[in-house]
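Structure assessment
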Protein chains: 2
Amino acid sequence: MTVTGPKGFRAAGVAAGIKESGALDLALVVNDGPQHTAAGVFTRNAVKAAPVLWSQEVLRHQRLRAVVLNSGGANAATGPGGFQDTHATAEKVAEVLGTGAIDVAVCSTGLIGERLPMDAVLSGVVTAAGALDATREAGLAAATAVMTTDSVPKQSWKSHSDGWSIGGFAKGAGMLAPNLATMLVVLTTDAVIAPEALDAALRAAARVTFDRLDVDGGTSTNDTVLVLSSGASELSPRVDDFTELLTAVCLDLVYQLRADSEGATKDVDVIVRGAASEQDAINVGRTVAEDNLVKTALFGSDPNWGRIAMAVGRSQAEVDPNTLAIAINGVTLFASGTTAADRTKVDLGARAIEIAIDLGIGSSTATIYTTDLSHGYVEENSAYSS
Amino acid sequence: MTVTGPKGFRAAGVAAGIKESGALDLALVVNDGPQHTAAGVFTRNAVKAAPVLWSQEVLRHQRLRAVVLNSGGANAATGPGGFQDTHATAEKVAEVLGTGAIDVAVCSTGLIGERLPMDAVLSGVVTAAGALDATREAGLAAATAVMTTDSVPKQSWKSHSDGWSIGGFAKGAGMLAPNLATMLVVLTTDAVIAPEALDAALRAAARVTFDRLDVDGGTSTNDTVLVLSSGASELSPRVDDFTELLTAVCLDLVYQLRADSEGATKDVDVIVRGAASEQDAINVGRTVAEDNLVKTALFGSDPNWGRIAMAVGRSQAEVDPNTLAIAINGVTLFASGTTAADRTKVDLGARAIEIAIDLGIGSSTATIYTTDLSHGYVEENSAYSS
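Residues numbered from 1 in each chain as written. Chains lettered and ligands numbered in written order. Predicted model: local features only at pLDDT ≥ 70, side-chain atom pairs only at ≥ 80, totals over all residues. Heavy atoms only, no water.

Within an unreviewed UniProt entry, the label attached to chain A reads Arginine biosynthesis bifunctional protein ArgJ, and the organism entered is Amycolatopsis rhizosphaerae. Under Subcellular location (unreviewed entry), UniProt gives the following word-for-word description of chain A: "Cytoplasm". Its UniProt record, at the heading Function (unreviewed entry), says of chain A: "Catalyzes two activities which are involved in the cyclic version of arginine biosynthesis: the synthesis of N-acetylglutamate from glutamate and acetyl-CoA as the acetyl donor, and of ornithine by transacetylation between N(2)-acetylornithine and glutamate." (UniProt positions renumbered as here; feature names shortened; annotations may be inferred.)

What follows is the structure in structure tokens.
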């Protein structure tokens, strides 16, 4: 199940002709209410694509009737003309659904710097509106239509025992993909929830899931995570329960994004404990996760804790080599300023790897989700646009 | 010519048996005076190797008689025992030269977390002292003995028209090498120069050369740059002239380090102009230089300015997409918020690539020296210690 799992939603994915391949490339997700509450989080990149600027603006009134998404072009760095294209797309969706453009968010993914083929986009919107359905298949088609270099669609759906549920789909992962593959996520719920609570829940969930997925340090011009609430279950969950289930759906999508990231042969959890602050824990985790020497060692199944110690030391966090401890897959290799165990005791043959770093200074913690750096990554990312 | 270019210096490089291969692995550089002024800059990594802790301490009195360097082991993360090994090495050098250990700096490079074979190190010191010579060959032997995964020794020597000169050798480049290949640099001069002026000149030169060489973002536990002044020319240059020539020698070594960095197929200058501050310019340059999507595109000879725009936008600097301009090899591809020229107009076939980024905000500038990210990098760095 996916965005069509919760009650009150229809979806569609069609081949609009934006991609020359003829693959699915335009998705529409519609909230049939009765409630139309929505929230979003967006890329912090200073160079924002036109659809991000548009969607940020319409989300100000915390309400969405629909989201239209396209692959085959990011509509980023396209100037005022690109913004007009996004506006025209939202107007078209509004027209076919009988609503206002201010109730329509737009997401795009693909190469930066190219204008979209608007004839294909606008006729695709009409086709998609005619294909809208609440079935599992319709949700899958939408999840498939946003794929760029993704090898599989990523979907999640979790229900609460009280009877409400949260679903969603995702594509990309940060900037890991050659196609400047933005991370786009659409989440849906039939829980009854106030706009402020929905916004707070999304920010809390994204902060410990999508914000901590770091494959190559990239932050796309188009990254967007949206959540839409239909209220169709007529159930009003406690905010804590809602945030918890939303976080679980987001984490499920994060695991799928990581597993499908280009060239990855290892799924790596970098767990930082004992930090002076949560920001320190995040800094250390991200520095280790982005370090190419650590990542290539993991690709080689080499438990090279010296490279991890180097990366920890160069982070901007408060670090004391004498209180630092580094364990890989449960074996502490470095502690008290020196070697704690022989590295040959660590087996990195499996795909899942856990790097546990205890700074031994405070009590803050954070987990960053990353991958190794392989020949596949270099191959796919050096052979794209030219 | 190299460290033995300036008058008043002798050097040696010997095979002490630290490396199992039997290659040269221990170098000694001796300042025969009459002046023994010295300065150093060291890694900012919080996890510092024993020889860094030692050399920082002895440099407090701004004076050095000799530098002893070994490859085959970094002596990092080796605890109090490792520090004692460094101390014993300095004492041995002091003994054979008839000076105090406080006048001897120590540098090490190799794998982190392993103790050095001290019998080999100490007997190597004796052998090296016997081989000390002021010849070009002796300087080359020293430059060769510090190599780890370097394929060639890196040396430079430049003389001022007034008759004084500066020489030096270097190995590694940041953390680019699989052997945790620290950057070690020893510079020598026969100019007469006061300790404070020497220190200031070194910091000024390093700030725009070694500090701006960024192959993979790594900062070794062992990075060390030392400069020793013998005063043997009996000439006292103006501080500006000295700083200028020292910077030229450092830049020459930076180019050699970059050209020899593992797997590199492109030499890339990232030139940032129009920044609100020099720190902003450095931030933008480093973010672009460390971005794996930019680096893999360059490996593929792909002028993918969209990835550069993404990296600029995610830097912590003040960035306005509407004033930003990006040129590759002299062709402006992005300006005024949109595409300025077709990317096919850029030829990236040659090894040298210039990325020019104008932020259009202020007047500060910085250049970062980097490389592409190739299969060779992944291969060499994934196949090392295991």
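Structure shown, so let's carry the discussion forward.
Our focus in this paragraph is the UniProt feature "active site" (unreviewed entry) in chain A. All names here are of chain A. According to UniProt, the "active site" (unreviewed entry) feature falls on Thr-182. By the secondary structure assignment, Thr-182 is in the loop between β7 (165-171) and β8 (184-189). Taking the relative accessible area as the measure of exposure, Thr-182 reaches 0% and is therefore buried. (Helix = DSSP H or I, 4+ residues; strand = E, 2+ residues; numbered from the N terminus. Buried < 20%, exposed > 50% of the residue type's maximum accessible area, 1.4 Å probe, protein only.)

This part covers the interface of chain A and chain B. The partner chain B presents 55 residues to the 55 residues of chain A that form the contact. In this assembly, chain A packs against chain B so that about 4,200 Å² is buried in total across both faces, 57% of it on carbon and sulfur atoms. On the surface where chain A and chain B come into contact, there are zero salt bridges. Seen at the junction of chain A and chain B, the total is 12 residue pairs in polar contact (both at pLDDT 80 or more). Considering every element that reaches the side of chain A that touches chain B, the biggest residue donor is helix α9 (residues 305-314) of chain A, with seven residues. Split into classes, the residues belonging to the side of chain A that touches chain B amount to 24 nonpolar, 24 polar and seven charged. (Contact = heavy atoms within 4.5 Å. Buried area = accessible area lost by both parts, 1.4 Å probe. Salt bridge = Lys/Arg side-chain N within 4 Å of Asp/Glu carboxyl O. Polar contact = N/O pair within 3.5 Å; in protein donor to acceptor, adjacent residues only side chain to side chain. Nonpolar A, V, L, I, M, F, W, Y, C, P; charged D, E, K, R; others polar.)

This part is about the sheet that holds strand β6 (residues 154-159) of chain B. Residue and element names in this part refer to chain B. Reading across from one edge, β3-β9-β8-β7-β6 is the order of the five strands in this open sheet, with mixed pairing throughout. The open sheet has two edge strands with one neighbour each: β3 (37-42) and β6. In this sheet, adjacent strand axes meet at a mean angle of 10° when their direction is disregarded. Most of the contacts of helix α5 (residues 195-208) go to β3, to which it runs at about 30°, and overall it touches β3, β8 (184-189) and β9 (224-229). (Pairing = 2+ DSSP bridges. Axes fitted to C-alpha atoms, helices over the stretch in contact; angles between N-to-C directions.)

Another point: the pairing of strand β15 (residues 364-371) of chain A. All names here are of chain A. Burial runs high along β15: six of the eight residues are buried. Taken together, the seven bridges between strand β10 (residues 267-275) and β15 define a ladder with antiparallel strand orientation. Pairing of Asp-267 across the sheet is with Thr-371, part of β15.

To continue, consider the domain arrangement of chain A. Residue and element names in this part refer to chain A. Structurally, chain A comprises domain 1 (9-259) and domain 2 (267-382). For domain 1 versus domain 2, the distance between C-alpha centres works out to 33 Å. Between domain 1 and domain 2, the contact holds 18 residues from the first and 19 residues from the second. When domain 1 packs against domain 2, the two sides together hide about 1,500 Å² of surface, and 42% of this comes from carbon and sulfur. The three residues of domain 1 that bury the most area against domain 2 are Arg-212, Asp-214 and Arg-258, which together make up 49% of that side's buried surface. Where domain 1 touches domain 2, the interface holds four salt bridges. The shortest N-O distance in the salt bridge between Arg-212 and Glu-278 comes to 2.8 Å. Inspection of the region where domain 1 meets domain 2 yields 10 residue pairs in polar contact (both at pLDDT 80 or more). Here the side of domain 1 that touches domain 2 takes five residues from helix α6 (residues 239-259), the largest share from any one element. Partitioned by chemical class, the residues of the side of domain 1 that touches domain 2 number 10 nonpolar, two polar and six charged. (Domains from an automatic or database assignment.)

Each of the two chain copies goes to the other by way of a rotation about an axis and a shift along it. Superposing chain A onto chain B requires a rotation of 180° together with a translation of 0.0 Å along the rotation axis, leaving an RMSD of 0.0 Å. Both copies are brought into coincidence by an operation consistent with a two-fold rotation axis. If distances are taken from each C-alpha of chain A to the rotation axis, the shortest is found for His375(A), at 3.0 Å. Most of the interface of chain A is mirrored in chain B: 100% of its interface residues are interface residues there too. (Least-squares fit on C-alpha atoms with pLDDT ≥ 70 in both.)

All right, on to unusual backbone geometry then. In this structure, the amide linkage connecting Gly33(A) to the following residue, Pro34(A), adopts the cis form with an omega of 20°. With respect to the helices and strands, Pro34(A) occurs in the loop between β2 (26-31) and β3 (37-42). For Glu234(B), which is not glycine, the phi dihedral falls at a positive 60°. For Glu234(B), a relative accessible area of 69% corresponds to the exposed category. Phi is positive for Ser301(B), close to 55°, though the residue is something other than glycine. Within the fold, Ser301(B) resides in the loop between α8 (292-299) and α9 (305-314).

All names here are of chain A. Topologically, Ala-129 is positioned in helix α3 (residues 118-131). The spacing of Ala-129 and Arg-10 is 119 residues in sequence and 9.7 Å in space, taken between C-alpha atoms. If we ignore the near neighbours within four places in the chain, the residues touching Ala-129 are Leu-28 and Val-96.

What follows deals with the packing of helix α7 (residues 278-290) of chain A against α9(A). All names here are of chain A. Contact geometry of α7 with α9 gives a least axis separation of 8 Å together with a crossing angle of 135°. As far as their axial angle goes, α9 and α7 are oblique. Note that α7 runs across α9; the crossing there is right-handed. Seen from α7, the contacting residues are Val-284, Thr-287 and Val-288; seen from α9, they are Ile-308, Ala-311, Val-312 and Arg-314. Of the residues assigned to the contact of α7 with α9, the class counts are five nonpolar, one polar and one charged. (Parallel < 35°, antiparallel > 145°, perpendicular 65-115°, else oblique. Left-handed = near helix turned anticlockwise from the far one by under 90°.)

Right, let's get into the sheet that holds strand β11 (residues 325-328) of chain B. Residue and element names in this part refer to chain B. With mixed pairing, the six strands of this open sheet are ordered in space as β13-β12-β11-β14-β10-β15. Across the chains shown, the open sheet's two edge strands, defined by having one partner strand only, are β13 (338-339) and β15 (364-371). One ladder, built from two bridges, connects strand β12 (residues 331-335) with β13; its direction is antiparallel. Within β13, the position partnered with Ala-335 by the bridge is Thr-338. Its contacts with the sheet place helix α6 (residues 239-259) against β10 (267-275) and β15, and it is angled at close to 40° to β15. Contacting β10, β14 (352-358) and β15, helix α7 (residues 278-290) crosses the sheet at an angle of about 20° to β15.

A few words now on the environment of Gly124(B). All names here are of chain B. Checked against the element boundaries, Gly-124 lands in helix α3 (residues 118-131). Taking the C-alpha atoms as reference, Gly-124 lies 9.4 Å from Gly-13; in sequence the two are 111 residues apart. Discounting residues that sit within four places of it in the chain, Gly-124 has contacts with Val-14, Ala-16 and Leu-26.

Residue and element names in this part refer to chain B. Following the sequence through the fold, Leu-187 ends up in strand β8. On the basis of relative accessible area, Leu-187 is assigned to the buried category, the value being 0%. The spacing of Leu-187 and Thr-89 is 98 residues in sequence and 21 Å in space, taken between C-alpha atoms. In this view, Leu-187 contacts Gly-167, Gly-168, Leu-202, Val-225, Leu-226, Val-227, Leu-228, Leu-246, Val-249, Cys-250 and Leu-253; residues no more than four positions away in its chain are not counted.

This brings us to the packing of aromatic side chains. Residue and element names in this part refer to chain B. Overall, the coordinates contain eight aromatic pairs over all chains when judged by the stated rule. Geometrically, the ring pair formed by Tyr-255 and Tyr-369 is edge-to-face, given 5.8 Å between the ring centres and 85° between the ring planes. With Tyr-255 in helix α6 and Tyr-369 in strand β15, the pair connects residues that are 114 residues apart, well separated along the chain. (Phe/Tyr/Trp six-rings, centres within 6.5 Å; stacked < 30°, edge-to-face > 60°.)

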